[in-house]
Amino acid sequence: MRFTSRQRRARAFGDASPASAALGGLLLAWLVLTGGASHAAGPLSEDMRDHPRDGWLSNGGNLANQRYSPLREIDTANVGRLKGLWLTHLNGSGVGPPFSGEAQPIVYQGVIYVVTGADDVFAVDADDGAIRWVYESGLDPDISTICCGWTSRGVAIGEGRLYLGRLDGRLVALDAASGEVLWSVETERWQDGYTITSAPLYYDGLVIVGYAGAEYGVRGLVRAFDAASGAPRWTFHTVPGPGEFGHDTWPAGSDAWRRGGGTVWHTPAVDPERGLLYFSTGNAGPDFNGAVRAGDNLFTASIVALDVHSGAYRWHFQEVHHDIWDYDAANPVVLFDVELDGRIRHAIAQAGKTGWVYLLDRTDGTPLLGIEERAVPQEPRQLTSPTQPYPVGDAFAPQAMEMPLYGYEFVNGGRIFTPFWKQPIPARPSAFGAAVWAPSSYDPDSHTLYVCAMDLVGLFSGGEDAPPRPGQQYLNGRFVFDTQRSGIFAAMDLTTNRLRWRQRWRDSCYSGSTTTAGKLVFTGHNDGRFAALDARNGRVLWEFQTGAGVNAPPAVFEHRGRQVVAVYAAGALFAQSPPGDNLWLFGLDGTLDELPPPSGPSAAEALFAATADAPAGAELFQRYCGQCHGRDGSGGHGGGPNLHRALAPDHVLVTIRAGRGGMPAFAGTLDETEISAIAAHVATLSGAP
């Protein structure tokens, strides 16, 4: 059944804590009594419909998440002249372990707003890079339920306020002019597994937030709050409960749905004409054991449409049925209009971890060009789905292995949807392959989607039956990826879902992109290079060394009559890129030259240096590693190699975290402090500094 708007609203308030609801009401009254309406000056929903020109008002550039600038002053002919107008350092916030810098800047009336991995917000003057104000989050350093590094992918702006979703589950509204906290609401608890890593969405008096945490046995949700007060307005759970449409896709008589995953990694998109909100969801939980959750497991690994004002369900499309590969749909959805067969179609695209772009009619969720259900290999113990959706068109990332992986059984050619049980099985893409968080961009003139992806072979094993524990990862299996990862940058024709061009990168593609009417695509590299590509063929036209890993997409806007480009270069833990706190502004009349390539430690090495505790690591080593490597690290009966040799800290950290060869991954068993401690102990064995 479907909930009515009234039923959905009542349920949303019922789900909120009494303290949060009371606080929201008191704050609303305070705002009215103290003239809170004075904060209403600022961008509204109408300003965010069009492509950005003199600012960058939403995380996706506009409500459609297209990350496209109509400006054309900087083009393929002159982009080589770009230099820095200024460089500002953000007070060392979010530098080093365990932080990542992945935020796209927001720009309004000459002020650039950017949030660091520490959830500190900076307001920076676009004229000269001067810091106008700083909001310091003061996050609890003991937060432990974070999947993939301490990060924030941006803030939202509306009605004179900035909105920040924090890693501890709080939603905060700041005065955009001063940084003063206007309200702060605990929306979920990190102790229960929920964190906010994506930028909130402001729309029509609402602040809409998706939550991360599927790896910790949570039930995914999206929530809307009153922009003026923080009072809850509606809640939608991505895993339906009893009586809700889709609940029958979970096992009857079981409470598996209560920890079913399906969390939301990105900022949603909005179609104002249809009043619909769109987002895609993460994997089902537990990640690698489907035996405990029979059925398709809606709405995990799906694209979902809701009524934006009430949160009522409208339609869905599931990309992966009964996901056991961690193929969550983490890349932001993109809305676009296109003429097909003589009529305008209102469409939505989502680039998946599977390596396909899924194209749907956004009015009802039906496939735009065709998506076929095809039979796939089966593993009865995993209760695998008999079929999976195959979109018509090209894959942008490889979906099979060219040859066997030494030491492992070669099953089904290592193709996508190869099932597994407790014995590790290699397949491609990995659970951390193809399109992950790094956002895609869209050129409405050529109907091209630019996808920043990774190519990894994964080793999958599952079937473990460990019960969920509060604050602990709920994977019931493992995946390992080859540390020799590479990147893919692909241009997809959305009129055919075919490749226009594609290129392989030496490093992983972990930045996303922004495209412009000047036929440029701006993107970043882990080694600190910020680059402009020819949107028509991928040719590299310009590169600039920023001094830290560029793992966030830029904002492109017009300032004082000239087109400029702002980008945050700070590195990212999962990209193993050099950390920093560098906010750059570029223009054709800039005079600042590029910096030397980063020579300091990568984020992984910095994590090792900052948190390593060799004595504690010795005890952990003997407990977890001694049976294979020997208690003294000289080799053991389990086949582990002798560790009394020179080993790079970066290599050791990645191997412990992700596994290698026959060694299992410990990321799901140990936290980062424990992994760093073991790495520190290994360093003492090898004599490394």
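Each chain has its residues counted from 1, following the order in which its sequence is written. Since the coordinates come from a predicted model, pLDDT governs what is reported: local features require at least 70, and pairs of side-chain atoms require 80 or more to be given and counted, while whole-chain, interface and lining totals use all residues. In computing side-chain values, all of the structure's heavy atoms are included and hydrogens and water are not.

Peer 1: An account of the state of the cysteines is requested, with residue identities and associated values reported.
Peer 2: Only a pair of cysteine sulfur atoms within 2.5 Å counts as a disulfide in this structure description. Evaluated as defined, the whole model comprises two disulfides. Disulfide pairing is shown between Cys-452 and Cys-509; the S-S distance is 2.0 Å. On the sign convention where negative is left-handed, the bridge of Cys-452 and Cys-509, at about -120° about the S-S bond, is left-handed. With Cys-452 in strand β26 (residues 448-455) and Cys-509 in the loop between β30 (498-505) and β31 (513-516), the pair connects residues that are 57 residues apart, well separated along the chain. When sorted by exposure, Cys-452 lands in the same class as Cys-509, which is buried. Once the bonded cysteines of the protein chain are numbered in order along the sequence, the disulfide links fall as 1-2, 3-4. Secondary structure follows DSSP: runs of H or I at least 4 residues long count as helices, runs of E at least 2 residues long count as strands, and numbering of each begins at the N terminus. The classification of residues rests on relative accessible area computed with a 1.4 Å probe and restricted to protein chains. Under 20% of the type maximum is buried, over 50% is exposed, and intermediate values are partly exposed.

Peer 1: Hey, could you go over the sheet that holds strand β9 (residues 170-175) for me, with residue numbers and the actual values?
Peer 2: The rule for pairing is simple: two strands pair if DSSP sees at least two bridges between them. In space, the four strands of this open sheet follow the order β7-β8-β9-β10, with antiparallel pairing throughout. Unpaired on one side and paired on the other, β7 (156-158) and β10 (181-186) mark the two borders of the sheet. The sheet shows a mean angle of 20° between the axes of neighbouring strands, direction not considered. Here an axis means a line fitted to C-alpha atoms, over the contact stretch when the element is a helix, while the angle between two N-to-C directions is reported on a 0 to 180 degree scale.

Peer 1: Any details on unusual backbone geometry? Residues and values, ideally.
Peer 2: Geometrically, the link from Gly-285 to Pro-286 is a cis peptide bond, its omega value of -5° lying close to zero. Following the sequence through the fold, Pro-286 ends up in the loop between β16 (276-280) and β17 (302-307). Look at the link from Arg-428 to Pro-429: it is a cis peptide, with omega at 5°. If you trace the backbone, Pro-429 turns up in the loop between β24 (425-427) and β25 (441-443). With a phi close to 45°, Ala-301 is a non-glycine residue in the positive phi region. Position of Ala-301 relative to the elements: it lies in the loop between β16 and β17. With relative accessibility at 0%, the residue Ala-301 sits in the buried group.

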